[in-house]
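# Tertiary structure, described
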Amino acid sequence: MLLLLISIIGLLIVNFGVGLIIKNVFKTESQSFVLTSFFGILSITLLQTIIAFFSPANSFVEFVFLIFGSIGFLLFLKKKDLSYVDFRKNINFWFYLLVMMIVFVGSFSPYFYDHSSYYVPTISYLKEFGVVKGISNLDLLLGQTSFWHIYQAGFSHFIDVFFRINTYLLILFLIYIYERKQYFLLIFIPIFLVFVQQPSPDLPILIITLIVINELMSKRENPILLYLSMFAFCIKPIIFWLPILVILHGFSQKKFSIKWMIPVFGLGILLMIKNIWLFGFPIFPISFPDFDLAWKPSQEILTYSSQIGLLKSYDMKYSYQQVSEFNFFEKIYYWFLIGYKSILNVGILISLLVITIFTIKKKERFYYILLSCLILKSILIISFSAQYRFFIDVYLVAIFLLFKNISEQKAIFTSVFLSILISVIFTFPGFVQKINIGEKMSTFSWSQLYQPKENKSVNINTEYKIGNLNFYVPKFPFQKDFFPSIHIYDLKLYDYYGVFPQYIGKDFKQGFYQRKLNQQEKNQLKKIISETEKYNPKVP
């Protein structure tokens, strides 16, 4: 916890310092410590992404940003403009208690399966190599490389070596609550505690969504809100409705300037360039438009990916052939009959109904725009892959509206009580593990008082070569410790479709592509699969 607190303080200083410098350069008005810090995060990420095309996110890059941020913070201290930290007057005992609980829960070991299979491998390759052309041919997951992980990679050498940047982010959100005196938002703190042990890109888009909606409803229009909403889209495109909301609301209030769109277009172009470079298409995982680039994944893999996305809508309960034969009404009917997750699907409809009721009741233009954007989002996402996890933002908007007028005392009590409950669950996870939740959660250890706990499981990797590609195969498939690694499931997928990743040139520096396997290579691949299967890893 001690090292985590030091990391959080460092990030608070650096991001605010950078944000202050960039904000003054662009003459953007805002006296908010939190919005200025987010502006710093956005600016750092933008620069880190550009740098990643030419250089890895190494320690030198981090050192430059640390110096830059420190200079900005020192200039702030020199000017003695304390308006940015006026929130100190609102801070009370409960603020410090929630800070300690956030840091305490953040000190536990990561337990998301995506942590080892997606987050850490993505950050690791960015640290070592920067963005690699056609990396989705090696592992389709790496093709989505979130802006949040680019930002994370840039601070993973000195200031955040334990990958707990989400803990800092939740502290920043807590500061925002006290800065704006919007205490009803405290009810989201316990919900977000489940994200702080790993660099999940879900947390930043959810926090940004709540901040943007709250600012708009409080009639504090600011171009930073548009940039933040576009940043959220760049982190995870399923939040595409948020910048649309800001733009439409700005036009409806006649407080929108076309020049605000210049940074938006810049972010959008950078996102598409990044996706084209990594994935071969402008928006991951959509294979349209097709520029027929040499490093795009094979059509077989793209087709398989879209089929899996459809099957996950039904929690893999039905085969692709069965789902394909469903008519419109059967698709809806079976979507509500997939076990306990169908309750979450019902929750999507209930959330939209709640938002609709508020819209009818308030009869304000903002609510109509908000409802329209969320309906548009729901229709488009359901068309591709109607997984409940893609609708977390819809749930949160409904909760936001339901509890917006809750009293400060009730909000604090609810937040503290539920946060304590979450802390107890993390400390003694045996109960939830009995119902197959949080299998990777570990109990509390005293070493957490000094530094965050990490997963220390040993994973043996074996090196192989097929064609011109040297690669590692992890014995435990969700722990890709070396680059380039291909786990057993992708090996079986490549075996089934008869394709395999290859270097475009002599090594990974020139990127990857996929080509058909010859018979000798197919036999070689089957032998590798057979050797790896001997270990019989436990798979969730």
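Just so we're clear, the structure is a prediction, and the values are computed from it rather than from any experiment. (Residues numbered from 1 in each chain as written. Predicted model: local features only at pLDDT ≥ 70, side-chain atom pairs only at ≥ 80, totals over all residues. Heavy atoms only, no water.)

## A word on the environment of Ile-207
- Within the secondary structure, Ile-207 sits in helix α9 (residues 202-217).
- Sequence separation of Ile-207 and Pro-282 is 75 residues, and the distance between their C-alpha atoms is 25 Å.
- Apart from residues no more than four positions distant in its own chain, Ile-207 is found in contact with Phe-38, Leu-169, Leu-170, Phe-173 and Phe-192. (Helix = DSSP H or I, 4+ residues; strand = E, 2+ residues; numbered from the N terminus. Contact = heavy atoms within 4.5 Å.)

## Notes on empty space enclosed by the protein
- A complete count under the given rule lists three cavities of 30 Å³ or more for this structure.
- What lines the largest cavity is simply Leu-216, Glu-221, Asn-222, Leu-225, Leu-226, Val-246, His-249, Gly-250, Lys-255 and Trp-260.
- Of all the secondary structure elements, the ones that give two or more residues to the lining of the largest cavity are α10 (223-235) and α11 (241-252).
- In terms of residue count, the dominant contributor to the lining of the largest cavity is α11 (three residues).
- In the lining of the largest cavity, the residues fall into five nonpolar, three polar and two charged.
- Along its surface, the second largest cavity is lined by Asp-202, Ile-205, Leu-206, Ile-238, Ile-239, Arg-389, Ile-392 and Asp-393. (1 Å grid on protein atoms, 1.4 Å probe; cavity = no way out; pocket = protein on both sides within 12 Å on 5 of 7 lines; lining within 4 Å. Points joined across faces, edges and corners; volume = space filled by probe spheres on them. Nonpolar A, V, L, I, M, F, W, Y, C, P; charged D, E, K, R; others polar.)

## Digging into the packing of helix α7 (residues 165-180) against α9
- Where α7 meets α9, the axes come as close as 10 Å, and the angle between the chain directions of the two elements is 15°. Considered as vectors, α7 and α9 are oriented roughly parallel to each other. In this structure, the crossing between α7 and α9 has a hand that is left-handed. Contact residues: Asn-166, Leu-169, Leu-170, Phe-173, Tyr-176 and Arg-180 in α7; Leu-203, Pro-204, Ile-207, Leu-210, Ile-211, Asn-214 and Glu-215 in α9.
- Considered class by class, the residues forming the contact of α7 with α9 number nine nonpolar, two polar and two charged. (Axes fitted to C-alpha atoms, helices over the stretch in contact; angles between N-to-C directions. Parallel < 35°, antiparallel > 145°, perpendicular 65-115°, else oblique. Left-handed = near helix turned anticlockwise from the far one by under 90°.)

## Digging into the pattern of salt bridges
- This structure, assessed with the given rule, holds 10 salt bridges.
- Glu-215 is the salt-bridge partner of Arg-220, the closest N and O atoms lying 3.2 Å from each other.
- Accessibility expressed as a relative area gives 29% for Arg-220, which makes it partly exposed.
- A residue is classified by how much of its surface remains accessible, and Glu-215, at 1% relative accessible area, is buried.
- Across the pair Glu-300 and Lys-516 runs a salt bridge, and its minimum N-O distance is 2.7 Å. (Salt bridge = Lys/Arg side-chain N within 4 Å of Asp/Glu carboxyl O. Buried < 20%, exposed > 50% of the residue type's maximum accessible area, 1.4 Å probe, protein only.)

## What to know about the packing of aromatic side chains
- Applying the stated criterion across every chain, the model contains 50 aromatic pairs.
- Seen from their ring centres, Phe-95 and Tyr-178 are 5.1 Å apart, and the 80° between their planes marks the pair as edge-to-face. Remark: Tyr-178 occurs in helix α7 and Phe-95 occurs in helix α4 (residues 93-106); sequence separation between them is 83 residues. Each member of the pair, Phe-95 as well as Tyr-178, carries the same accessibility label: buried.
- On the basis of an interplanar angle of 55° and a centroid distance of 6.3 Å, the ring pair of Phe-108 and Phe-444 is categorised as tilted. Of the two residues, Phe-108 is situated in the loop between α4 and α5 (113-129) and Phe-444 in the loop between α20 (430-433) and β1 (461-466); the sequence distance between them amounts to 336 residues.
- Assessed through its relative accessible area of 1%, Phe-108 is described here as buried.
- You can call Phe-444 partly exposed: its relative accessible area is 23%.
- Joined through ring pairs, the aromatic side chains of Phe-104, Phe-108, Tyr-111, Phe-112, Phe-195, Phe-426, Phe-444 and Trp-446 make up one cluster. (Phe/Tyr/Trp six-rings, centres within 6.5 Å; stacked < 30°, edge-to-face > 60°.)

## Structural notes on the side chain of Ser-351
- With respect to the secondary-structure elements, Ser-351 resides in helix α16 (residues 341-362).
- The class for Ser-351 is buried, based on a relative accessible area of 7%.

## Describing the nonpolar core
- Ranked by size, the top nonpolar core spans 183 residues in total, and within it Phe-38, Phe-173, Phe-192, Trp-241, Leu-245, Phe-471 and Phe-500 carry the most contacts.
- It is α7 that contributes the most residues to this core, 12 residues altogether.
- Not counting chain neighbours up to four residues away, the residues in contact with Phe-173 comprise Leu-185, Phe-188, Ile-189, Phe-192, Ile-207, Leu-210 and Ile-211. (Core = buried A, V, L, I, M, F, W, Y, C linked by side-chain atoms within 4.5 Å.)

## Some thoughts on the environment of Lys-506
- Mapped onto the fold, Lys-506 is located in the loop between β3 (499-503) and β4 (512-516).
- By relative accessible area, which is 79% here, Lys-506 ends up exposed.
- Spatially, the C-alpha atom of Lys-506 lies 8.9 Å from that of Leu-469, the residues being 37 residues apart in sequence.

## A short note on α5
- Compared with the 24 Å implied by 1.5 Å per residue over 17 residues, the 24 Å span of α5 between its first and last C-alpha is a close match.
- By the largest-angle criterion, Tyr-119 marks the main kink of α5, which is about 30°, and a proline, Pro-121, follows within four residues.
- For α5, every residue scored as buried is listed here: His-115, Ser-116, Ser-117, Tyr-118, Tyr-119, Pro-121, Thr-122, Ile-123, Tyr-125 and Leu-126.
- If you follow the buried residues of α5, they end up packed against α6 (147-153) and α12 (261-279).
- Looking one or two residues past α5, Gly-130 carries a phi angle of roughly 80°, positive in sign. (Expected span 1.5 Å × (residues − 1). Bend = angle between axes of the 7 residues up to and from the residue.)

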